[in-house]
Amino acid sequence: MTKTLSTFNFLECSLTGEKFSNDIARRLSPNSEKPLLARYDLEKAKQTFTKNNLIKRRNDMWRYEEILPVFENENIVSLGEGNTPLMSMNNISNILDIDNLYVKDESNNPTGSFRARGLSAAVSKAKEYGIKGIVMPSAGNAAGAMSAYAAKSKITANVFMPKDAPISNKMECIAFGAKVDLVDGYISDAGKASAIAAEKNNLFDISTLKEPYRVEGKKTMGIEIIQQLNWEVPDVIIYPTGGGTGIVGIWQAIDELSEMGIIDNKKPKMICVQAEGCSPLVDAFEKHQQFAKPFKNPETLAAGMRVPMAVGDFIIFDILKKSGGTAIRISDDEMLNGVSLLASEEGIFAAPEGGAVVSATIKLRENNIIQKSDKVVMVNTGSAYKYLNAMQKKFWDD
Ligand SMILES: Cc1ncc(COP(=O)(O)O)c(C=O)c1O
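Below: a short report on this structure. Within each chain, residue numbers correspond to sequence positions counted from 1 in written order. In keeping with the model being predicted, local features are shown solely for residues with a pLDDT of at least 70 and side-chain atom pairs are shown and tallied solely at 80 or more, while totals for entire chains, interfaces and linings include all residues.

1. Points about the overall build of the protein
Helix and strand counts for the protein come out as 14 helices and 13 strands. Note that the radius of gyration is over C-alpha atoms, with the globule rule given as 2.2 Å times the number of residues to the power 0.38. For a compact globule of 398 residues, the expected C-alpha radius of gyration is about 21 Å, and the protein comes in at 19 Å, within 12% of that figure. Seen along its three principal axes, the alpha-carbon backbone of the protein occupies a region of about 55 × 50 × 40 Å. Helix and strand definitions follow DSSP, with helices as H or I runs of at least four residues and strands as E runs of at least two, each counted in order from the N terminus.

2. So, the sheet that holds strand β2 (residues 19-20)
Two strands qualify as a pair provided that DSSP identifies no fewer than 2 bridges between them. Strand order in the open sheet formed by three strands is β2-β1-β3, with antiparallel pairing between adjacent strands. Each end of this open sheet is capped by a strand with a single partner; those strands are β2 and β3 (36-40). Both strand β1 (residues 8-13) and β2 contribute to a ladder of two bridges, which runs antiparallel. Counterpart to L11 in the pairing with β2 is F20.

3. A few points about the nonpolar core
Generally speaking, nonpolar side chains in soluble globular proteins are found buried as a group. We call a set of buried Ala, Val, Leu, Ile, Met, Phe, Trp, Tyr and Cys residues a nonpolar core when their C-beta atoms link them within 7 Å. Residue burial is a threshold on neighbouring C-beta atoms within 10 Å of the residue's own C-beta, all placed from the backbone, with 20 or more meaning buried, 12 or fewer meaning exposed, and counts in between meaning partly exposed. Within the largest apolar cluster, 127 residues are counted, with the highest numbers of intra-cluster contacts made by M146, I238, Y239, I271, C272, V273 and I316. The contact criterion used here is simple: two residues whose C-beta atoms, placed from the backbone, lie within 7 Å are in contact. Excluding its chain neighbours within four sequence positions, the residues that come into contact with V273 are I238, Y239, P240, T241, I328, I330, A356, V357 and A360.

4. A look at the sheet that holds strand β9 (residues 204-205)
A sheet is described by the order of its strands in space; here four strands give the open sequence β8-β7-β6-β9, paired in parallel fashion. Edge positions in the open sheet fall to β8 (179-183) and β9, since each of these has one partner strand only.

5. Quick notes on the packing of helix α8 (residues 214-228) against helix α9 (residues 245-259)
Note on geometry: axes are C-alpha line fits, over the in-contact stretch for helices, and angles between N-to-C directions span 0 to 180 degrees. Where α8 meets α9, the closest approach of the two axes is 7 Å, and the angle between their N-to-C directions is 60°. The orientation of α8 with respect to α9, classified from their angle, is oblique. Handedness of the crossing formed by α8 with α9: right-handed. Across the interface between the two elements, R214, V215, K218, K219, M221, G222, I223 and I226 from α8 touch T245, G246, V248, G249, I250, Q252, A253, I254 and L257 from α9. Lys, Arg, Asp and Glu make up the charged group, whereas Ala, Val, Leu, Ile, Met, Phe, Trp, Tyr, Cys and Pro make up the nonpolar group; the residues left over, Gly among them, are polar. Split by residue class, the contact of α8 with α9 holds nine nonpolar, five polar and three charged. When describing relative orientation, an angle under 35 degrees is termed roughly parallel and one over 145 degrees roughly antiparallel, while 65 to 115 degrees is termed roughly perpendicular and anything else oblique. Take the far helix as the reference: if the near one is turned anticlockwise from it by less than a right angle, the crossing is left-handed, and if turned clockwise, right-handed.

6. Observations regarding the site of the ligand
Near the ligand there are 19 residues, and of these G242, G246, G304, T381 and G382 occur at the shortest range. At the level of secondary structure, the elements contributing two or more residues to the shell around the ligand comprise α5 (141-153) and α9. Partitioning the shell around the ligand into residue classes produces five nonpolar, twelve polar and two charged. Nearness here has a simple definition: the residue's C-beta atom, placed using the backbone, must lie within 6 Å of the molecule or strand.

7. With respect to the pairing of β1
In terms of strand pairing, β1 meets β3 through five bridges, oriented antiparallel. Bridging across to β3, F8 finds its partner in Y40. The turn joining β1 and β2, which pair antiparallel and follow one another in sequence, is formed by five residues; a positive phi near 80° is taken by G17.

8. Quick notes on α8
Multiplying one less than the number of residues by 1.5 Å gives the expected span of a helix. Look at α8: 22 Å from first C-alpha to last across 15 residues, which is about the 21 Å you get at 1.5 Å a residue. The buried fraction of α8 is high, at 14 of 15 residues. Directly beyond the C-terminal end of α8, a positive phi value near 60° is found at N230.

9. Considerations on the packing of helix α12 (residues 332-346) against helix α13 (residues 352-366)
Where α12 meets α13, the closest approach of the two axes is 7 Å, and the angle between their N-to-C directions is 90°. Classified by the angle between their axes, α12 and α13 sit roughly perpendicular to one another. The segment α12 lies against α13, with E334, M335, L336, N337, G338, V339, L341 and L342 engaging P352, G354, G355, A356, V357, V358 and S359. Partitioning the contact of α12 with α13 into residue classes produces nine nonpolar, five polar and one charged.

10. Points about the environment of Q289
As for its placement among the helices and strands, Q289 is situated in the loop between α10 (280-286) and α11 (313-323). Of the residues examined, Q289 has 13 C-beta atoms within 10 Å and is grouped as partly exposed. Linking Q289 and E106, residues 183 residues apart in sequence, is a C-alpha distance of 31 Å.

11. A look at the pairing of strand β6 (residues 133-137)
In terms of burial, β6 is a largely internal element, four of the five residues being buried. The pairing of β6 with strand β7 (residues 156-162) spans five bridges and is classified as parallel. In the strand pairing of β7, G133 is matched with T156. Looking at chain direction, β6 and β9 are connected through two bridges and run parallel. Within the sheet, the bridge partner assigned to V135 lies in β9 and is D205.

12. Describing the environment of E43
Of note, E43 is situated in helix α1 (residues 42-48). Judged by local crowding, E43 falls into the exposed class, with 10 C-beta atoms found within 10 Å.

Rendered as structure tokens:
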């Protein structure tokens, strides 16, 4: 076994700040039932996590090993996740009237979405803890990613998905050898079924933000964005939000990079984009509530944003406030228009979640929340090729 350079120190309750050791597999904070977040020895990390050292390293997200949670190299389960392109949107920047507009294109990840990062981290850490079977509820993309990493690591996988999850996700899970259970309901119902299966079959439940390591993988999106901008923090980051791990992870990256002195204290405005048909976080943020209420009858073609309740809601609100950002709703038609614009102008065929981000950027510019001179990063979290049925009404009229 060879050691990584990980400086992972302990876990901290995101609500109370209570500290917990990292020597056993944990899920939520035992007293508050809120997410646990990994904390690192950043003084030690910064001795080797330097701009120059990073250039010489492996080509995937594990090059940021000092601030990732895995201690032994042999436990890293990788399919080449991360290092996705950050591309300048030269054609639509004129249309949107924003001088410096970028897309971080996460569709280039294994299994076609940003989910690969979180699941690579969570499955690797599960392997490190000697866990033999994992289970998870998912809107679709996370299930596909979990199944792929489970296949690679030879850990048994069981996924619970709403029965209307995209067919691509159902098929890939089967191909990767996972046990697939379809639930007549929403992701929250899949969550209940997954918790029961975990208990009954002695499986480790890696539901989003209910275990601490998926967010660590997602954090690498934030590190990459800043590294690709030559270590400059953008003015605005726009992100399609379901469970919210992406926003939490990106923010964590910015905090840790600034604490290590790699960037200054500038923070980007963080923008949370949700679907009109499922906007629990936008609703609560507008009412200045600390916790969101479950969204009734969620409906949107963006399966990844069909999440009626986010366990990390209060963390997301805190980030939006601290960053001077906001939360915004986008209709399904607007999402498809966003997909169409990005495809026809920039050659990127994005998931509806990515289309939502494009439409949100247009609205935010119109309202002057984004300025013309701002450096703006739109995150496209996934690939349209996973959503062909949902896209058909827009792009293929049979
Ligand atoms: C393509 C896509 N975008 C966005 C999201 C929402 O991600 P998060 O949980 O980070 O809010 C998901 C969730 O499954 C997704 O699949």
